[in-house]
Amino acid sequence: KKQKTDELTAKDEAKKFTDKIIDAEFISKKIDKTIGAEVDSFTMTGKVRVTGVFFNSGALDALTRQELFGKVPEGMRLGEPGSIQVAIEKLDATAKTVSLKLTRESTMTIDPTSGILAPRAFTDKSKEEVTSYLKNTGHFDAVEVTVRPRWRSNTPSDESRIKVTLK
């Protein structure tokens, strides 16, 4: 396996790329002695298939960043994306094709300047209406609404008197 891996990575085409994934699998193997028997020596022969996928991590980084940032819904912010995890998902040796699985994690948070949190969205609403509105956006797990003075049942109709705090 090591010999074939070294041969594959030594090729000029492979040297053009900064990163690689090497997959080596035994197709067949044969041992000339019985397993479990005490012997002075044995011979093992086999066939191994070594597959190499070579790529430029910088180009892949740019491509996945563009894809990630392009999918951020309006009113949301994407945190700094983590490193890319690349794995071989499907390999077809006959067709000489490979499917890769790319995984890249990031966190998405609501933009505090988003229209979702604009005070005008909360004018003259009950606590229940505000809570329902925010939970229905799908961006909040918990909502706390405080209306002052306590005897008021609705939020103020003047948006300048509404304060939105994001925790």
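Here the structure is a predicted model, which is why all the values come from computation and not from measurement.

What should I look at first to understand the layout of surface pockets in this one?
There is about 880 Å³ of room inside the largest pocket. Around the largest pocket sit 24 residues that line it, and Glu144, Val145, Lys163, Val164 and Thr165 are the ones nearest its centre. Contributions of two or more residues to the lining of the largest pocket are made by strand E6 (108–110) and helix H4 (127–136). Its residues placed into classes, the lining of the largest pocket shows 14 nonpolar, five polar and five charged.

Is there a simple way to think about the packing of aromatic side chains in this case?
In total, this model carries one aromatic pair according to the counting rule given. When the ring of Phe122 is compared with that of Tyr133, the centres are 5.8 Å apart and the planes differ by 80°; the resulting orientation is edge-to-face. Of the two residues, Phe122 is situated in the loop between E6 and H4 and Tyr133 in helix H4; the sequence distance between them amounts to 11 residues. When its relative accessible area of 30% is taken as the criterion, Tyr133 is described as partly exposed. The ring centre of Phe26 lies 5.1 Å from the NZ or CZ of Lys29, which sits over that ring.

What is the right way to read the pattern of salt bridges from this model?
In a structure, side chains of opposite charge can pair up when their charged atoms sit close to one another. Tallying each qualifying case throughout the model produces eight salt bridges. Between Lys4 and Glu7 there is a salt bridge, and its shortest N-O distance comes to 3.4 Å. One end of the pair, Lys4, and the other, Glu7, are both in helix H1 (residues 2–9), three residues apart, so they sit about a helical turn from each other. Taking the relative accessible area as the measure of exposure, Lys4 reaches 42% and is therefore partly exposed.

How do you make sense of the nonpolar core when you look at a structure like this?
One broad trend across soluble globular proteins is that nonpolar side chains are buried collectively. Counting residues in each nonpolar core, the largest one holds 11 residues, listed as Met76, Ile110, Ile116, Leu117, Phe122, Val130, Leu134, Phe140, Val145, Val147 and Ile162. Beyond its immediate sequence surroundings of up to four residues, Met76 is in contact with Met108, Thr109, Ile110, Asp111 and His139.

Looking at this structure, how should I read unusual backbone geometry?
Trans peptide bonds make up the majority, and among non-glycine residues the majority have a negative phi. The amide bond that connects Arg148 to the next residue, Pro149, takes the cis arrangement and shows omega of -10°. In this structure, Pro149 sits in the segment after H4. Unusually for a residue other than glycine, Lys96 sits at a positive phi of about 55°. In this fold, Lys96 is placed in the loop between strand E4 (85–92) and strand E5 (97–103). The class for Lys96 is exposed, based on a relative accessible area of 74%. The phi torsion at Asp124 lies on the positive side, around 50°, for a residue other than glycine.

About the thresholds
- Within each chain, residues carry numbers counting from 1 in the order of the written sequence.
- Under the rules for a predicted model, residues below a pLDDT of 70 receive no local features and side-chain atom pairs below 80 are neither given nor counted, while totals for whole chains, interfaces and linings still include all residues.
- To get the side-chain values, all heavy atoms of the structure are used, and hydrogens and water are removed first.
- Here the term cavity refers to a set of points on a 1 Å grid, laid over the protein atoms alone, in which a 1.4 Å probe fits but cannot get out; the term pocket refers to an open set having protein on both sides within 12 Å along at least five of seven lines, with lining residues being those that place an atom within 4 Å of a point.
- Grid points are joined across faces, edges and corners, and a volume is the space filled by probe spheres set on the points.
- Only DSSP runs of H or I reaching four residues or more are called helices, and only runs of E reaching two or more are called strands; each is numbered from the N terminus.
- Only Asp, Glu, Lys and Arg are considered charged in this grouping, and only Ala, Val, Leu, Ile, Met, Phe, Trp, Tyr, Cys and Pro are considered nonpolar; every other residue, Gly among them, is considered polar.
- Here a pair means two rings of Phe, Tyr or Trp (six-membered ring of Trp) with centres within 6.5 Å. Their orientation is stacked below 30 degrees between planes, edge-to-face above 60, and tilted elsewhere.
- Residue burial is assigned from relative accessible area. The probe radius is 1.4 Å, only protein chains are included, and a residue is buried under 20% of its type maximum, exposed over 50%, and partly exposed in between.
- To sit over a ring, a charge needs its Lys NZ or Arg CZ within 6 Å of the ring centre and within 35 degrees of the ring normal.
- The salt bridge definition used is simple: a Lys or Arg side-chain nitrogen within 4 Å of an Asp or Glu carboxyl oxygen.
- Definition of nonpolar core: a set of buried residues of the types Ala, Val, Leu, Ile, Met, Phe, Trp, Tyr and Cys, connected through side-chain atoms within 4.5 Å.
- Contact definition: two residues touch when any of their heavy atoms are within 4.5 Å.

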